[in-house]
Amino acid sequence: MKILSKDQIYAADKATEQAEAIPSFNLMERAGGYAFQYIHQRLQGQPVQIKIFCGIGNNGGDGLVIARNLVENGYSVKTYIVNYSENRSEDFLNALEELKKKTTKWPEVLKSVADFPEIAPEDLVVDCIFGIGLNRPAAVWVQQLFRLINESSAYTLAIDIPSGMAIDQIIPDSEVVRATVVLTFQTPKLAFFLPQSGKYINNWEVLDIGLDRNYLNSVKTKAQLIGKTEAQQMYRPRQKFSHKGTYGHALLIAGSYGKMGAAVLSNKACLSSGAGLVTAYSTRQGLPILQTSIPEVMVVTDRHTGDFIEEIQFDIEPDVIGIGPGLGTHKSTQKAFEEFLKVNKTPLVLDADALNMLSENKALLDLLPKYSILTPHPKELERLIGEWKDDFEKLEKAEAFSAKYDCILVCKDAHTIVVFEGNYYVNTSGNPGMATGGSGDVLTGVLTGLVAQGYDPLTAAIFGSFIHGRAADIAINHTGYEGLTAGVIVEFLGQAFLDLFHEPEKQPQK
Ligand SMILES: NC(=O)C1=CN([C@@H]2O[C@H](COP(=O)(O)OP(=O)(O)OC[C@H]3O[C@@H](n4cnc5c(N)ncnc54)[C@H](OP(=O)(O)O)[C@@H]3O)[C@@H](O)[C@H]2O)[C@@H](O)CC1
Ligand SMILES: Nc1ncnc2c1ncn2[C@@H]1O[C@H](COP(=O)(O)OP(=O)(O)O)[C@@H](O)[C@H]1O
Ligand SMILES: [K+]
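Residues numbered from 1 in each chain as written. Chains lettered and ligands numbered in written order. Predicted model: local features only at pLDDT ≥ 70, side-chain atom pairs only at ≥ 80, totals over all residues.

**Student:** In this structure, what is going on with the overall build of the protein chain? I would like to understand it.
**Tutor:** Across its full length, the protein chain holds 18 helices and 18 strands. Dimensions along the principal axes, computed over C-alpha positions, put the protein chain at roughly 85 × 45 × 45 Å. Put simply, the protein chain has 510 residues, and 48% of those count as buried. Of the contacts made within the protein chain by residues no fewer than 6 positions apart, 75% connect residues no fewer than 24 positions apart. (Helix = DSSP H or I, 4+ residues; strand = E, 2+ residues; numbered from the N terminus. Buried ≥ 20, exposed ≤ 12 C-beta atoms within 10 Å, placed from the backbone. Contact = placed C-beta atoms within 7 Å.)

Put into structure tokens, the structure is as follows:
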């Protein structure tokens with residue numbers, strides 16, 4: 001699903017107005033009308049006290065349209081205008097006129113804390129104070145209203161975006177309305193998926209307000225959301241007349257003393273995501289561990305007998321090499337890594353200590369083959385690209401890094417974002433149960449296994465991140481969040497593939 005930017009949303013409005021030859025107020029009527037229907041379908045006339053807080057822009061105008069529809073349908077509604085500015089938008093004024101025609105209970109104007117109403121826990125709050133137009137911190141008294149809503153524990157429906165959250169920047173130290181549900185128009189907003197702003201989002205739903213299809217189909221967005229529908233399209237079915245050679249040979253260079261589990265997990269995951277052949281490269285000490293725990297995997301060891309890999313040399317010709325999990329950053333391993341990069345021509349997936357070694361010696365980055373996949377968690381990413389001011393700047397820096405080194409950056413997080421050629425692919429699968437040691441090692445194995453099978457590296461990164469999270473989502477039905485371990489994610493990889501074609505994805509609301 002496309003994630004439109006602020007400018008693109010405003011352009012979609014304009015395109016719709018032109019294509020349908022309608023004034024902009026019709027669009028507000030439509031958006032507010034659909035939002036009303038959403039509420040009405042759920043309340044079915046129940047006598048709930050509804051408190052609608054409206055700003056003075058178009059988000060506020062939407063609120064007034066919702067209020068009018070609710071009044072017309074017999075609901076008990078109190079409407080407030082949060083007067084943070086005197087610059088009322090034209091359509092806000094249109095919506096106000098229409099509301100005044102339908103009720104004698106005109107909206108109360110709030111100008112300071114003294115004007116705030118009480119909010120009872122059983123009220124339904126509709127937040128239409130700020131929409132995507134927020135571009136600076138709200139006044140202190142307005143933020144106090146956000147706090148009042150948050151402390152009320154009332155069910156809160158935020159329209160388009162929670163007030164206090166900007167669509168394209170992080171406003172530091174700003175209070176944000178913590179909505180129970182965010183009902184967002186036409187397109188999810190990138191801010192919902194970034195840690196600094198996404199933490200305020202519990203549930204979000206897209207409301208299709210019928211913006212111009214031609215515009216929506218043709219617009220190229222920087223960001224897109226990857227769900228089951230997108231993943232399905234990337235899946236490569238296995239062929240009847242195929243053999244293990246068809247699905248490639250993966251080599252995983254991983255493990256050191258005390259961290260052989262990382263090698264075991266990534267190798268198992270590589271096998272379970274469909275690679276034809278998997279070879280583990282590790283220390284001699286690792287040989288019995290690998291051979292007993294994964295008999296399907298072949299093992300090549302370095303010729304030394306120490307705790308760490310001291311040399312990377314093998315006489316097989318893998319289709320892809322995954323490197324890094326549990327490797328350690330011992331001097332001898334660093335040397336071996338550097339020597340390996342100098343001669344290697346095989347596509348790479350780099351994780352964990354391989355990334356740390358790259359961060360310590362940035363010159364090595366120039367040795368990476370084109371389209372290498374790097375899978376940093378936030379700390380590893382920071383070591384690679386430097387500190388960021390906020391999550392939007394993080395993405396910009398990741399983009400610049402990916403362009404400079406022609407690599408695919410898989411920025412792991414609650415919503416993993418794959419960054420490549422100026423595009424952001426935002427993953428929707430996964431859950432907090434995955435915050436457990438070894439789950440990243442599993443991802444390395446999955447991505448390596450997919451490249452081995454012939455998925456191009458970008459598709460492998462996007463599709464693999466989805467499958468990895470999806471396996472964990474299915475697994476928690478059996479383990480709960482706390483009981484999920486990295487090994488269990490591997491066991492559910494097969495289920496994640498099956499699930500691709502099982503049930504259709506929930507459609508956006510209308
Ligand atoms: N296609 C769609 O999705 C449709 C969208 N629609 C709706 O329009 C909404 C966007 O409306 P909007 O552009 O009028 O902005 P909104 O958020 O109401 O803010 C109002 C104004 O506040 C100002 N301002 C900003 N920050 C401020 C601050 N801290 N303190 C004080 N003032 C501040 C700023 O003006 P400025 O002062 O910067 O000139 C801004 O313009 C969108 O979210 C959706 O609900 C539908 O109606 C139709 C279809
Ligand atoms: N709260 C979360 N929600 C969704 N996915 C998560 C969450 N926490 C971690 N993950 C996922 O789990 C993996 C953790 O990787 P990483 O930190 O490298 O683990 P390790 O180093 O222990 O293998 C990543 O793929 C990340 O996206
Ligand atoms: K809002």
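**Student:** Would you mind showing me how to read the nonpolar core here?
**Tutor:** Burial of nonpolar side chains together is a common tendency in soluble globular proteins. Membership of the largest hydrophobic core comes to 152 residues, with the highest contact counts inside it found for Ile52 and Leu252. With 9 residues, helix α16 (residues 457-483) is the single largest residue contributor to this core. Composition of this core by domain shows at least three residues from each of domain 1 (2-221) and domain 2 (230-499). Residues in contact with Leu252, not counting those within four places in the same chain, are Ala263, Ser266, Asn267, Cys270, Val278, Ala280, Tyr281, Gly322, Gly445 and Thr448. (Core = buried A, V, L, I, M, F, W, Y, C linked by C-beta atoms within 7 Å. Domains from an automatic or database assignment.)

**Student:** Please clarify how the sheet that holds strand β7 (residues 181-185) should be interpreted in this entry.
**Tutor:** Backbone hydrogen bonds hold the strands of a sheet together, and the pairing may be parallel or antiparallel. On the basis of which strands lie adjacent, the open sheet formed by 7 strands has the order β4-β3-β2-β5-β6-β7-β8 and parallel pairing. With partners counted over all chains shown, the strands left at the sheet margins are β4 (108-110) and β8 (203-207), one partner each. The sheet shows a mean angle of 20° between the axes of neighbouring strands, direction not considered. As paired strands, strand β2 (residues 49-54) and strand β5 (residues 124-128) are joined by 5 bridges and run parallel to one another. Its bridge partner being in β5, Phe53 is matched across the sheet by Asp127. Against the sheet, helix α3 (residues 58-72) engages β2, β3 (76-82), β5 and β6 (155-159), with an angle of about 155° to β2. (Pairing = 2+ DSSP bridges. Axes fitted to C-alpha atoms, helices over the stretch in contact; angles between N-to-C directions.)

**Student:** What am I meant to see in the pairing of strand β11 (residues 277-282) here?
**Tutor:** Successive side chains on a regular strand alternate, one facing one side of the sheet and the next facing the other. Of all 6 residues in β11, 6 are buried; the element is thus mostly enclosed. Note on the crossover from strand β10 (residues 249-253) through helix α9 (residues 260-272) to β11: the handedness is right-handed. Where β11 lies against strand β12 (residues 298-301), 4 bridges are found, and the strand directions are parallel. Across the sheet, the residue bridging to Tyr281 is Val300, located in β12. In this fold, the crossover linking β11 to β12 by way of helix α10 (residues 286-293) has right-handed handedness. (Right-handed = clockwise from strand over helix to strand, strands pointing away.)

**Student:** Would you mind showing me how to read the domain arrangement of the protein chain here?
**Tutor:** How big an interface is tends to be stated in terms of the accessible area lost upon association of its parts. In terms of domains, the protein chain is made up of domain 1 (2-221) and domain 2 (230-499). Each of domain 1 and domain 2 was reduced to a C-alpha centroid, and the two centroids are 42 Å apart. Of the residues lining the interface, 9 residues belong to domain 1; the matching set on domain 2 comes to 7 residues. Examining the composition of the side of domain 1 that touches domain 2, we find that 3 residues originate from one element, helix α6 (residues 195-198), more than from any other.

**Student:** Could you clarify how one ought to interpret the site of ligand 1 in this entry?
**Tutor:** Around ligand 1, 31 residues are found, and the nearest of them are Gly57, Asn58, Asn59, Gly131 and Gly133. Of all the elements in the fold, those that place two or more residues in the shell around ligand 1 are α1 (6-20), α2 (24-43) and α3. At 5 residues, the largest contribution of residues to the shell around ligand 1 is made by α3. Along the lines of polarity and charge, the residues of the shell around ligand 1 split into 14 nonpolar, 13 polar and 4 charged. (Near = placed C-beta within 6 Å. Nonpolar A, V, L, I, M, F, W, Y, C, P; charged D, E, K, R; others polar.)

**Student:** What am I meant to see in the UniProt feature "domain: YjeF C-terminal" (unreviewed entry) in the protein chain here?
**Tutor:** Feature annotation in UniProt assigns "domain: YjeF C-terminal" (unreviewed entry) to the following positions: residues 227-500. Annotated as 46% helix and 14% strand, the span residues 227-500 places its first and last C-alpha atoms 10 Å apart. (UniProt positions renumbered as here; feature names shortened; annotations may be inferred.)

**Student:** Looking at this structure, I do not really get α9. What am I missing?
**Tutor:** Helical periodicity: at 3.6 residues per turn, an α-helix aligns residues three or four positions apart in one direction. Between its terminal C-alpha atoms α9 stretches 18 Å, which fits the 18 Å expected from 13 residues at 1.5 Å a residue. Across the 13 residues that make up α9, a large majority, 12, are buried. Of the residues making up α9, those classed as buried are Met260, Ala262, Ala263, Val264, Leu265, Ser266, Asn267, Lys268, Ala269, Cys270, Leu271 and Ser272. Within two residues after α9, Gly274 carries a phi angle of roughly 110°, on the positive side. (Expected span 1.5 Å × (residues − 1).)

**Student:** What am I meant to see in the site of ligand 2 here?
**Tutor:** Around ligand 2 sit 18 residues in total, of which His377, Gly430, Met434, Ala435 and Gly440 are the nearest. With 4 residues, the single largest contributor to the shell around ligand 2 is helix α15 (residues 439-452). For the shell around ligand 2, the per-class residue count stands at 6 nonpolar, 9 polar and 3 charged.

**Student:** Looking at this structure, I do not really get the packing of α9 against α10. What am I missing?
**Tutor:** Between two packed helices, both the angle of their axes relative to each other and the distance between the axes serve to describe the pair. In the contact formed by α9 and α10, the axes pass within 10 Å of each other and the chain directions differ by 35°. For α9 against α10, the interelement crossing comes out right-handed. Residues Met260, Ala263, Val264 and Asn267 of α9 lie in contact with α10, whose contacting residues are Gly286, Ile289, Leu290 and Ser293. Its residues placed into classes, the contact of α9 with α10 shows 5 nonpolar, 3 polar and no charged. (Left-handed = near helix turned anticlockwise from the far one by under 90°.)

**Student:** Just checking my understanding: could you explain unusual backbone geometry for this structure?
**Tutor:** In most cases, non-glycine residues show a negative phi, while peptide bonds are predominantly trans. The phi dihedral of Asp173 is positive, around 55°, even though this residue is not glycine. As for its placement among the helices and strands, Asp173 is situated in the loop between β6 and β7. For Asp173, a count of 7 C-beta atoms within 10 Å corresponds to the exposed category. We note that Ala352 has phi near 50°; this positive angle belongs to a residue other than glycine. Within the element layout of this structure, Ala352 appears in helix α12 (residues 352-360). Of the residues examined, Ala352 has 25 C-beta atoms within 10 Å and is grouped as buried.

**Student:** Is there a simple way to think about the environment of Asp353 in this case?
**Tutor:** On the secondary structure map, Asp353 appears in helix α12. Separated by 29 residues in sequence, Asp353 and Gly324 have C-alpha atoms that sit 5.0 Å apart. Once residues lying within four places of it in the same chain are set aside, the contact partners of Asp353 are Gly324, Leu327, Gly328 and Thr329.

**Student:** In this structure, what is going on with the UniProt feature "binding site: K(+)" (unreviewed entry) in the protein chain? I would like to understand it.
**Tutor:** Following the UniProt record, the feature "binding site: K(+)" (unreviewed entry) maps to Asn59, Asp127 and Ser163 here. In terms of the greatest pairwise C-alpha distance, the residues named above, spread along 105 residues, form a tight cluster of at most 9.6 Å across. In this structure Asn59 comes out as buried when scored by C-beta crowding, with 27 C-beta atoms within 10 Å. Apart from the residues lying within four places of it in its own chain, the contact partners of Asn59 are Cys128, Phe130, Gly131, Gly133, Ile159 and Asp160. The residue Asp127 is located in strand β5 in this model. Note on Asp127: 31 C-beta atoms within 10 Å, which makes it buried. Excluding anything up to four places from it in sequence, Asp127 contacts Phe53, Ile149, Thr156, Leu157, Ala158, Ile159, Pro162, Ser163, Val177 and Ala179.

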